[in-house]
Amino acid sequence: MTTKTPATAVLPQQTAAPGPLTPGRVTLRGTAKSGRRLTVPRSVRRSAGPVGLVLLWFLTSATGVLPESVLASPVDVVRQAVELTRSGELPDAIAASGRRAAIGFLIGASVALTLSLLAGLFRLGEDVIDSSMGMFRAIPWVGLIPLFIVWFGIEETPKIALVALGVTYPLYFNIYGGIRSTDAQLVEAARMMGLGRLGLIVYVILPSALPGALVGLRYALSTAWLALVFAEQINADAGIGYLMSNAQQYFRTDVIVLCLVVYALLGLACDFAVRILSRRLLSWRANFEGEA
């Protein structure tokens with residue numbers, strides 16, 4: 001019996017593996033590539049839209065494409081703002097409108113918070129309150145102005161009531177939705193750790209509902225100023241809406257646009273304040289902030 005010796009495999013001559021890429025080489029390429037990329041600050045990007053619209057408005061007014069009888073130029077609006085500020089009419093109007101918005105917001109927020117807690121925490125409250133709120137929500141609150149005039153007259157009460165009604169719905173539904181979206185497993189774990197009903201509400205349910213409540217707060221503040229636009233058309237003798245009504249009678253588009261800009265700036269200021277408040281109160285919560 002002959003045995004065959006195993007054939008010796010001839011391996012190809014291995015070349016020395018190239019060494020790892022030096023970090024300096026990669027860094028230089030990355031630096032060269034990133035050096036060509038222009039990074040625009042977010043503040044500039046966010047303001048590009050409004051600035052572009054104002055610039056377009058100015059150009060169309062200056063060239064006569066947009067007649068002054070249709071819409072006043074931004075230069076006239078700024079000039080009118082300076083004149084009304086010097087005379088004291090604009091600061092007084094802002095103070096009167098701000099007072100109405102603040103009182104109406106506090107009333108509406110108190111009602112919305114009470115109803116949403118009752119409906120969100122208790123099934124009996126949900127059965128009694130939520131269906132009624134859904135029904136009243138379908139009624140346009142602006143259409144209630146004639147009824148408010150019949151009930152409350154033409155003084156300050158119907159204006160404040162309209163603002164309060166506009167604030168109530170977004171706050172209620174967002175707080176109620178935030179309470180009911182609390183993770184059931186988290187609630188069960190808190191109960192197993194010995195938390196009672198009050199501790200469960202304070203330490204688990206309300207913190208879980210806080211993001212929804214802040215979203216509702218943003219909607220409610222913007223709705224408050226929107227409701228005030230309609231409310232101040234009801235026999236107002238002071239406020240931004242009063243200036244707008246007088247300007248409408250004399251076809252003063254510069255004053256009308258100025259009043260609309262003031263409404264918008266007040267709304268943006270409130271929205272900015274809620275954004276800062278959200279960052280403070282929700283610092284414990286990791287959020288998705290969008291792709292770069």
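The structure we're discussing is the one just above.
Residues numbered from 1 in each chain as written. Predicted model: local features only at pLDDT ≥ 70, side-chain atom pairs only at ≥ 80, totals over all residues. Heavy atoms only, no water.

Draft legend 1. Local environment of the overall build of the protein. For the protein, the helix and strand inventory stands at 11 helices and 0 strands. Starting at the N terminus and walking to the C terminus, you meet the elements of the protein as α-α-α-α-α-α-α-α-α-α-α. Put simply, the protein has 292 residues, and 33% of those count as buried. Restricting to contacts in the protein with at least 6 residues of sequence separation, those with at least 24 account for 71%. (Helix = DSSP H or I, 4+ residues; strand = E, 2+ residues; numbered from the N terminus. Buried < 20%, exposed > 50% of the residue type's maximum accessible area, 1.4 Å probe, protein only. Contact = heavy atoms within 4.5 Å.)

Draft legend 2. Expanded view of a nonpolar patch on the surface. Judged by side-chain polarity, Leu55, Phe58, Leu59 and Val75 come together as a nonpolar surface patch covering roughly 340 Å² of accessible area. Top element by residues in the nonpolar patch is helix 2 (residues 42–62). It accounts for 3 residues. Relative to the assigned elements, Phe58 resides in helix 2. The partly exposed category is assigned to Phe58, whose relative accessible area is 37%. (Patch = residues over 30% accessible without salt bridge, like charges linked within 9 Å, V, L, I, M, F, W, Y side chains within 5 Å. Areas by Shrake-Rupley, 256 points an atom, 1.4 Å probe, with all protein chains shown as cover. Salt bridge = Lys/Arg side-chain N within 4 Å of Asp/Glu carboxyl O.)

Draft legend 3. Up close: the packing of aromatic side chains. Evaluated as defined, the whole model comprises 5 aromatic pairs. Put simply, the rings of Phe148, Trp151 and Phe152 pair up and form one aromatic cluster. Sitting over the ring of Phe173, Arg137 keeps its end group 4.5 Å from the ring centre. (Phe/Tyr/Trp six-rings, centres within 6.5 Å; stacked < 30°, edge-to-face > 60°. Lys NZ or Arg CZ within 6 Å of the ring centre and 35° of its normal.)

Draft legend 4. Up close: the packing of helix 5 (residues 123–137) against helix 7 (residues 156–180). In the contact formed by helix 5 and helix 7, the axes pass within 11 Å of each other and the chain directions differ by 140°. By crossing handedness, the relation of helix 5 to helix 7 is classed as left-handed. On helix 7, the residues that touch Arg123, Glu126, Ile129, Asp130, Met133, Gly134, Phe136 and Arg137 of helix 5 are Thr168, Tyr169, Tyr172, Phe173, Tyr176 and Arg180. Its residues placed into classes, the contact of helix 5 with helix 7 shows 7 nonpolar, 2 polar and 5 charged. (Axes fitted to C-alpha atoms, helices over the stretch in contact; angles between N-to-C directions. Left-handed = near helix turned anticlockwise from the far one by under 90°. Nonpolar A, V, L, I, M, F, W, Y, C, P; charged D, E, K, R; others polar.)

Draft legend 5. View of the pattern of salt bridges. Per the counting criterion, the structure on display carries 7 salt bridges. Measuring nitrogen to oxygen at the nearest pair gives 2.7 Å for the salt bridge that ties Glu156 to Arg100. Within this pair, whereas Glu156 is found in helix 7, its partner Arg100 is found in helix 4 (residues 89–121), the two being separated by 56 residues in sequence. You can call Glu156 partly exposed: its relative accessible area is 30%. One salt bridge in this structure joins Arg100 and Glu232, with 2.7 Å as the shortest N-O distance.

Draft legend 6. Fine view of the nonpolar core. Core analysis: the biggest nonpolar cluster contains 57 residues, and Phe105, Val167, Leu171, Tyr172 and Leu217 have the highest contact counts within it. Considering each element in turn, this core owes the most residues, 15 residues, to helix 9 (residues 197–231). When residues no more than four places from it in sequence are discounted, the contact partners of Val167 are Phe105, Gly108, Ala109, Ala220 and Ala224. (Core = buried A, V, L, I, M, F, W, Y, C linked by side-chain atoms within 4.5 Å.)

Draft legend 7. Region of the structure containing helix 9. Taking 1.5 Å as the rise per residue, helix 9 with 35 residues should run 51 Å; its terminal C-alpha atoms sit only 42 Å apart, a clear shortfall. If you look at helix 9, its biggest bend is around 40°, right at Leu210, and the proline Pro211 turns up within four residues after that. (Expected span 1.5 Å × (residues − 1). Bend = angle between axes of the 7 residues up to and from the residue.)

Draft legend 8. Inspection of the side chain of Asp254 at higher detail. Its location among the elements puts Asp254 in helix 11 (residues 253–281). Asp254 gets classed as buried once you look at its relative accessible area, which sits at 10%. Engagement of the side chain of Asp254 in a polar contact is seen with the side chain of Arg252, the distance being 3.0 Å. In this view, Asp254 contacts Ala72, Asp76, Val77 and Gln80; residues no more than four positions away in its chain are not counted. (Polar contact = N/O pair within 3.5 Å; in protein donor to acceptor, adjacent residues only side chain to side chain.)

Draft legend 9. Structural context of the environment of Leu206. Structurally, Leu206 can be placed in helix 9. Residue Leu206 is classed as partly exposed on the basis of its relative accessible area of 36%.

Draft legend 10. Spatial organisation of unusual backbone geometry. Positive phi, close to 55°, is recorded for Phe251, a residue that is not glycine. Note on placement: Phe251 falls in the loop between helix 10 (240–249) and helix 11. Judged by its relative accessible area of 73%, Phe251 falls in the exposed class.

Draft legend 11. Expanded view of a positive patch on the surface. Residues Arg42, Arg45, Arg46 and Arg279 make up a contiguous surface patch of positive charge. Among the elements that make up the positive patch, the one with the highest residue count is helix 2 (3 residues). Note that Arg279 resides in helix 11. (Lys, Arg positive; Asp, Glu negative; His and termini not counted. Charge placed at Lys NZ, Arg CZ, Asp CG, Glu CD.)

Draft legend 12. Molecular detail of the environment of Val262. Along the chain, Val262 turns up in helix 11. With 181 residues separating them along the chain, Val262 and Ala81 place their C-alpha atoms 9.7 Å apart. When neighbours within four sequence positions are excluded, Val262 is seen to be in contact with Leu90, Ile94 and Ile240.

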